[in-house]
Amino acid sequence: MYSKKVLAHFKKPHNVGKIENADGVGTVGNRACGDVMKLYIKVKDDKIVDIKFETAGCAAAIATSSIITDLAKGKTIEEALKITKDNIVEELEGLPPVKVHCSLLAIDALRAAIKDYQEKKK
Amino acid sequence: MRVYLDNAATTRAAPEVVEAMQPFFTEKYGNASSIHSFGEEAKDALENARQLIANYINAEPEQIVFTSGGTESDNLAIKGAAYALKNKGKHIITSKFEHPAVLECCQALEKEGFEVTYLNVSKDGFVNAEELKKAIRDDTILVTIMHANNEIGTIQDIDKIGKTCSEKEVVFHTDAVQSLGKIPLDVKEVNVDFVSFSAHKIHGPKGIGALFVRNKKQLQPLFHGGAQEFGLRPGTENVSGAVGFAKAVDMLSEIDVKRMTELRDYLIEKLLEIPEACLNGARENRLCNNVNVSFSHIEGESVLLGLDDKGVAVSTGSACTSKKLEPSHVLLALGIKPEEAHGSIRLSLSKYTTKEEIDYVINAAKEVVENLRKISPLGK
C-alpha cells in the first residue's frame, strides 16, 4: 500500500514532540473522521528555526507530518507558506489516492501554526 | 518471529487438506457430470465430500449446495429466497452489523422494491430476539442474522431466533461463515432454513463454500446453466475444492476450540493491562478465537503497521483502512464513538496459534501502542 519512503517516515518519524513556549501552534483535524495533527514552530528573524509535531493518525498522517517538518525547517515564513501537498506527495515518493487528504492536513497544520505565530506577534 | 493473527480474514490451508486435494488436479480431474469413469471417480469424491459436510451439521446430503464461498452462499440464500417468496411478501429483516455480503444484498433488494428492516444491536453486540419478533410483519418473508460476528465475535442466539421465525412462518437464514467448527450446529435441533459456510476460514482452500438448504422450494437459483447442485448452482463442480472443504471439516475438533479459548482469554487479559484499552463486544458469548480492542488516543492502521513491522498480522476497524474513510459499521452499530472505533484492532487466533506467539504479540503490542502514544497529541 505505501512507498518505502512513507514507511521509513512512519517507523522513524522526524521531529516528534512538543516545543514549550512555541511561537506558533497549529492543531488541525477531526478525531471523529480520523487524524489529528499538532504542529509547533519556533521562529527567529522570520525563519522557522525549530519545528515539531504530534499526530494521532494512520501511517500516511504520521509520514506527512514528519516530512512537512523536514520541508519547513530552516525556511522563511514566506517560503514555508509556498509548500504544497504535491511537494509532500513527491517527497514521499507517492501516496495512495485515498491517503492524499493526509498531505492536505499537514499543509493545514503548518499554515495554522504560522497563522498562530502571526497573530501572537501583533 | 512472524505471527499470523488474522484468521478471521483467512486461514492457512492445513497440509492435510492440500494433500487430500492434490489428486484432483492432475489424476482424478474428470468433470463430475461426465458418465465415463473419469467423471464417476470425480463424482464419487464430490458426493463423499457432500456427505461428510452434511453429517457434520446433521443435515441430509441433498441439503448441501456447494458454492464459491461465503459471499456467494449469502447471495444465493438472500436473493434466492427473496425472489422465490416475493409473492408472499417483500419485507426482510436483518441486523446493522451483518457482513457486507448480507448488507449489500439487502440494499440491492431494496432497489428492486423489497423493504428491509435493519435491527439495532446492543452495545455488547447482540441482536434482541424480542425486538426481532416485534419487527416481523404479515409480509415478512425472510430473516437473516449472522451466527457469529466476524469483527467482534459475539454469538447470536439462533436457537431462539429460529423458534420465533418458525412460529411466525418466516424463513430464517444465518451466515455461519465464522462460526462453523467453533460453535456446534445441528440443523435438526435449530430451526434454520439456510446456512452459509466457507472453507477458507477453517483451514480449507479459498474459493469454495456451501449453503445448507432445508427446502429447495424456497430458493431460486441465481446462476443459470447446467443442472449441477440440484439445479440450484450450475457450473462445473469444484471437486478439489469440495474435497479440501470436507477434509477441513473432518479435522475440526472440540480440543482446538478449547485451546483457542484459553489462549484468547489470556491474550485479552494481557492486552487489557495496557492503559486505556478496552474490549469491543461482550466478553461472554464470544467466538473462541476473537479479540477486538480499542486503544485510546492512537489510530488503528498505524497499530496494524507497527505490528506488521514486528512480524505480527492483525486487522483493524479504523476508517483509515476503509476505502470510504468510514470506521467499521460493526463498531459504530455497537454505539462505539468513531474516535474509539478508530483506534481498534482485531486479533483472531487459529488452532495453530501457540502461547509463545501470543506472548510475543503481547510484548509487540505494548511497545507499538506506547510508541504511537508518544507521537500522539491526545490524552496528554
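Residues numbered from 1 in each chain as written. Chains lettered and ligands numbered in written order. Predicted model: local features only at pLDDT ≥ 70, side-chain atom pairs only at ≥ 80, totals over all residues. Heavy atoms only, no water.

**Topic: the interface of chain A and chain B**
Operational definition: Residues are treated as being in contact if the distance between any of their heavy atoms lies within 4.5 Å. A simple way to read buried area is as the amount of 1.4 Å-probe accessible surface that goes missing from two parts once joined, with both sides added. For the purposes of these results, a polar contact is taken to be a pair of N or O atoms within 3.5 Å, where, inside protein, one atom must be able to donate a hydrogen and its partner to accept one; residues adjacent in sequence count only when each atom of the pair is a side-chain atom. Secondary structure elements are taken from DSSP: a helix is a run of H or I of four residues or more, a strand is a run of E of two residues or more, and numbering for both begins at the N terminus. Residues are grouped as follows: Ala, Val, Leu, Ile, Met, Phe, Trp, Tyr, Cys and Pro are nonpolar; Asp, Glu, Lys and Arg are charged; all remaining types, including Gly, are polar.
At the interface, 26 residues of chain A touch 22 residues of chain B. Summing both sides of the interface, chain A and chain B together bury roughly 1800 Å²; the carbon and sulfur share of this comes to 66%. Linking chain A with chain B are 8 residue pairs in polar contact (both at pLDDT 80 or more). Breaking the side of chain A that touches chain B down by element, the ones donating at least two residues are α1 (4–11), β2 (36–44), β3 (47–56) and α2 (59–72) of chain A. In terms of residues, the side of chain A that touches chain B owes the most to one element, β3(A), which gives 4 residues. Grouping the constituent residues of the side of chain A that touches chain B by class yields 15 nonpolar, 4 polar and 7 charged.

**Points about the environment of B:Ala9**
All names here are of chain B. Rules: Only protein chains enter the accessibility calculation, which uses a 1.4 Å probe. A residue is then buried if its area is under 20% of the maximum for its type, exposed if over 50%, and partly exposed in between.
Residue placement: Ala 9 occurs in the loop between β1 (3–4) and α1 (15–21). Under the relative-accessibility criterion, Ala 9 is labelled partly exposed at 31%. It is 28 Å that separates the C-alpha atoms of Ala 9 and Leu 219, two residues lying 210 residues apart in sequence. For Ala 9, the residues in contact, after removing those within four places along its chain, are Tyr 4, His 200, Lys 201 and Arg 346.

**Structural notes on the side chain of B:Thr316**
Residue and element names in this part refer to chain B. On the secondary structure map, Thr 316 appears in strand β12 (residues 315–316). Under the relative-accessibility criterion, Thr 316 is labelled buried at 16%. One polar contact links the side chain of Thr 316 to the main-chain carbonyl oxygen of Ser 344, over a distance of 2.6 Å. With residues near it in sequence (within four places) discarded, Thr 316 still touches Gly 300, Glu 301, Leu 304, Thr 321, Ser 344, Ile 345 and Arg 346.

**Examining the packing of aromatic side chains**
All names here are of chain B. Test applied: When two rings of Phe, Tyr or Trp (its six-membered ring) have centres within 6.5 Å they constitute a pair, described as stacked for plane angles under 30 degrees, edge-to-face for angles over 60, and tilted for the intermediate range. As a reminder, the over-ring test applies to NZ of lysine and CZ of arginine, requiring each to be within 6 Å of the ring centre and within 35 degrees of the ring normal.
For the structure shown, the criterion picks out 1 aromatic pair over all chains. The ring of Tyr 352 has Arg 12 sitting right over it, with the charged end atom 4.4 Å from the ring centre. Looking at Lys 90, its charged tip hangs above the ring of Phe 114, at a distance of 5.0 Å from the centre.

**Remarks on helix α10 (residues 300–309) of chain B**
Residue and element names in this part refer to chain B. Across the 10 residues that make up α10, a large majority, 8, are buried. Within the sequence span of α10, burial applies to Gly 300, Glu 301, Ser 302, Val 303, Leu 304, Leu 305, Gly 306 and Leu 307. At the N-terminal end of α10, a side-chain oxygen is found 2.8 Å from the backbone nitrogen of Glu 301, two or three residues along, and the residue is Glu 299. At the C-terminal side of α10, Gly 311 shows a positive phi close to 90°.

**Regarding the packing of α2(A) against helix α5 (residues 100–121) of chain A**
All names here are of chain A. Short version of the rule: Interaxial angles span 0 to 180 degrees and are taken between N-to-C directions of axes, which are lines fitted to C-alpha atoms, for helices over the stretch in contact. If an angle is under 35 degrees, it is roughly parallel; if it is over 145, roughly antiparallel; if it lies from 65 to 115, roughly perpendicular; otherwise it is oblique. Should the near helix be turned counterclockwise from the far one by less than a right angle, the crossing is left-handed, whereas a clockwise turn marks it as right-handed.
The interhelical angle for the contact between α2 and α5, taken along N-to-C directions, is 45°, at an axis separation of 9 Å. Here α2 lies oblique to α5, going by the angle between them. The element α2 and its partner α5 pack so that their crossing is right-handed. Contacts between α2 and α5 involve Ala 60, Ala 61, Thr 64, Ile 68 and Ala 72 on the former and, on the latter, Cys 102, Ser 103, Ala 106, Ile 107 and Leu 110. Here the residues of the contact of α2 with α5 sort into 8 nonpolar, 2 polar and no charged.

**Things to note about the nonpolar core**
Nonpolar side chains in soluble globular proteins tend to end up buried together. Applied cut-off: Nonpolar cores are built from buried Ala, Val, Leu, Ile, Met, Phe, Trp, Tyr and Cys residues. Side-chain atoms within 4.5 Å join them into one set.
Membership of the largest hydrophobic core comes to 68 residues, with the highest contact counts inside it found for A:Leu110, B:Leu5, B:Leu267, B:Leu307 and B:Leu347. In contact with B:Leu307, other than residues within four places in its own chain, are B:Val312, B:Val314, B:Ile345, B:Ala364, B:Ala365 and B:Val368. In terms of nonpolar packing, the next biggest core, distinct from the first, is built from 59 residues, B:Ile53, B:Phe66, B:Val239 and B:Ile336 among them.

**Description of unusual backbone geometry**
Although it is not a glycine, A:Asn21 adopts a positive phi angle of roughly 55°. One can find A:Asn21 in the loop between α1 and β1 (24–29). With a phi close to 50°, B:Glu229 is a non-glycine residue in the positive phi region. Among the structural elements, B:Glu229 can be located in the loop between β8 (209–213) and α8 (239–250). Overall, B:Glu229 belongs to the buried group, its relative accessible area being 7%.

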